[in-house]
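# Topology and contacts: notes
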Amino acid sequence: MAVDAAPRPAVTPRAPRKRRSSVGLKLLMAGTGLLLVLFLFAHMAGNLKIFVGADAFDHYAHWLRDIGTPLLPHTWYLWIQRGGLTVAVVGHIAAAVILARRARLARPVRYAHRPKVQGSYAARTMRWGGVIILLFVIFHILDLTTGTVNPVGDAQHPYANVVADFAPSRWYVTLFYTLAIVSVGFHLRHGIFSALRTLGQQTPRGERRARAIALVLSLVLVVGYLSVPFAVTIGAIK
Ligand code: HEM
């Protein structure tokens, strides 16, 4: 007896996944990253005023609240900067998450073993570095901006707050700052290198130059930032 084969549903070929360009997201990453790097250099320069003395440092902190006056009311500039930085951080993280997701989806088969290539190493370092930096910034604001977790916590006297923060007995705070600042250094080295490689000459010579610039800028930042807690810990600032 002949068995009628059930008619198979017609298979419609799947439309190829529309390839979206990631250029806009990469520009968003680079633009927000640049803004954050500019803040980091300005903040480091301001921190180094601590070596001039307590009055100079406290005066600088008060001046920050007066930028833009009388055009802007007192502290408005600072709030505009805080808003800008928050938007930059959110944009930077959102672009990073979407780009990482797209890169994963674009891979036809999941790797059985993570290849130990530089790309995946850098991606993991960037991800975990970014998380450490974010946690650090939250702690840092509670420490030196609001004073909530600072032993002195006096908004009028930031010099005293910094000196109390990195006292030798609070070595674990210095250790946490060191870990976070070294993470900032690694994050920046890779970020600046990627941005320069995208924008500049993509030749071995261009890459070498981008790598050198990224290394020097990150080292300047790490040494500049770390000089403050270590100077307090060894008693050079008191
Ligand atoms: C040892 C290194 C550092 C020291 C001594 C330091 C010191 C300070 C001080 C004293 C303030 C309060 C300024 C004020 O309200 O007058 C501050 C605020 C801040 N710092 Fe740092 N900082 C350091 C590293 C960093 C790093 C590495 C980052 C970013 C990754 C950072 C991000 C910020 C932010 C976002 C604020 C809040 C600014 C605001 O109030 O709008 N700091 N820092």
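All values derive from a computational prediction rather than experimental measurement.

Now for the side chain of Thr-178. Inspection of the secondary structure puts Thr-178 in helix H6 (residues 171-199). Given the relative accessible area of 17%, Thr-178 is considered buried. Setting aside its immediate chain neighbours within four residues, Thr-178 contacts Leu-226 and Phe-230.

This brings us to a positive patch on the surface. On the surface, a cluster of positive charge is made up of Arg-20, Arg-101, Arg-104, Arg-107, Arg-124 and Arg-127. Of all the secondary-structure elements, those providing two or more residues to the positive patch are helix H3 (76-106) and helix H4 (118-145). Note on placement: Arg-104 falls in helix H3. Judged by relative accessible area, which is 44%, Arg-104 ranks as partly exposed.

Further remarks concern helix H1 (residues 23-47). The end-to-end C-alpha separation of H1 is 36 Å, in line with the 36 Å expected for 25 residues at 1.5 Å each. All of the buried residues along H1 are Leu-25, Thr-32, Gly-33, Leu-36, Val-37, Leu-40, Met-44, Gly-46 and Asn-47.

Let us now look at the site of the ligand. For the ligand, the set of nearby residues contains 18 residues, the closest of which are His-43, Asn-47, Arg-65, Arg-82 and His-140. Between the ligand and Asn-47, the relevant distance is 3.4 Å, taken from a nitrogen atom to a side-chain nitrogen or oxygen of the residue. Interatomic distance of 2.7 Å between a side-chain N/O atom of Arg-65 and an oxygen atom of the ligand. For the shell around the ligand, the secondary structure elements donating two or more residues are H1, H4, H6 and helix H7 (204-233). Looking at side-chain class alone, the shell around the ligand contains 12 nonpolar, four polar and two charged residues.

Turning next to unusual backbone geometry. Between Thr-69 and the following residue, Pro-70, the backbone shows a cis peptide bond with an omega angle of 5 degrees. Within the secondary structure, Pro-70 sits in the loop between helix H2 (54-64) and H3. In this structure, Thr-75 is a non-glycine residue whose phi angle is positive, near 70 degrees. Inspection of the secondary structure assignment puts Thr-75 in the loop between H2 and H3. When its relative accessible area of 22% is taken as the criterion, Thr-75 is described as partly exposed.

Coordination of the iron atom of the ligand by the protein involves His-43 (NE2) and His-140 (NE2), with metal-donor separations of 1.9 to 2.0 Å. Classification of the site at the iron atom of the ligand as octahedral follows from its six donor atoms and the range of 86 to 179 degrees in their angles at the metal. Of this pair, His-43 sits in helix H1 while His-140 is found in helix H4, placing the two residues 97 residues apart along the sequence.

If you walk through the whole model with that rule in mind, you get three salt bridges. Between Glu-207 and Arg-197 there is a salt bridge whose closest N-O contact spans 4.0 Å. On the criterion of sequence distance, the pair formed by Glu-207 in helix H7 and Arg-197 in helix H6 is long-range, its members being 10 residues apart. Judged by relative accessible area, which is 32%, Arg-197 ranks as partly exposed. In this structure, the salt-bridge partner of Glu-207 is Arg-211, at a minimum N-O distance of 3.9 Å. Taken together, the positions of Glu-207 and Arg-211, both in helix H7 and four residues apart, correspond to about one turn of that helix. Under the relative-accessibility criterion, Arg-211 is labelled partly exposed at 38%. Ionic contacts of the salt-bridge type, sharing partners, join the residues Arg-197, Glu-207 and Arg-211 into one network.

What counts, and at which threshold
- Residues numbered from 1 in each chain as written.
- Predicted model: local features only at pLDDT ≥ 70, side-chain atom pairs only at ≥ 80, totals over all residues.
- Heavy atoms only, no water.
- Helix = DSSP H or I, 4+ residues; strand = E, 2+ residues; numbered from the N terminus.
- Buried < 20%, exposed > 50% of the residue type's maximum accessible area, 1.4 Å probe, protein only.
- Contact = heavy atoms within 4.5 Å.
- Patch = residues over 30% accessible without salt bridge, like charges linked within 9 Å, V, L, I, M, F, W, Y side chains within 5 Å.
- Areas by Shrake-Rupley, 256 points an atom, 1.4 Å probe, with all protein chains shown as cover.
- Salt bridge = Lys/Arg side-chain N within 4 Å of Asp/Glu carboxyl O.
- Lys, Arg positive; Asp, Glu negative; His and termini not counted.
- Charge placed at Lys NZ, Arg CZ, Asp CG, Glu CD.
- Expected span 1.5 Å × (residues − 1).
- Near = heavy atom within 4 Å.
- Polar contact = N/O pair within 3.5 Å; in protein donor to acceptor, adjacent residues only side chain to side chain.
- Nonpolar A, V, L, I, M, F, W, Y, C, P; charged D, E, K, R; others polar.
- Donors = N, O, S within 2.8 Å, 3.2 Å for Na, K, Ca; no water.
- Tetrahedral: all angles 85-135°; square planar, octahedral: opposite > 155°, others 65-115°.

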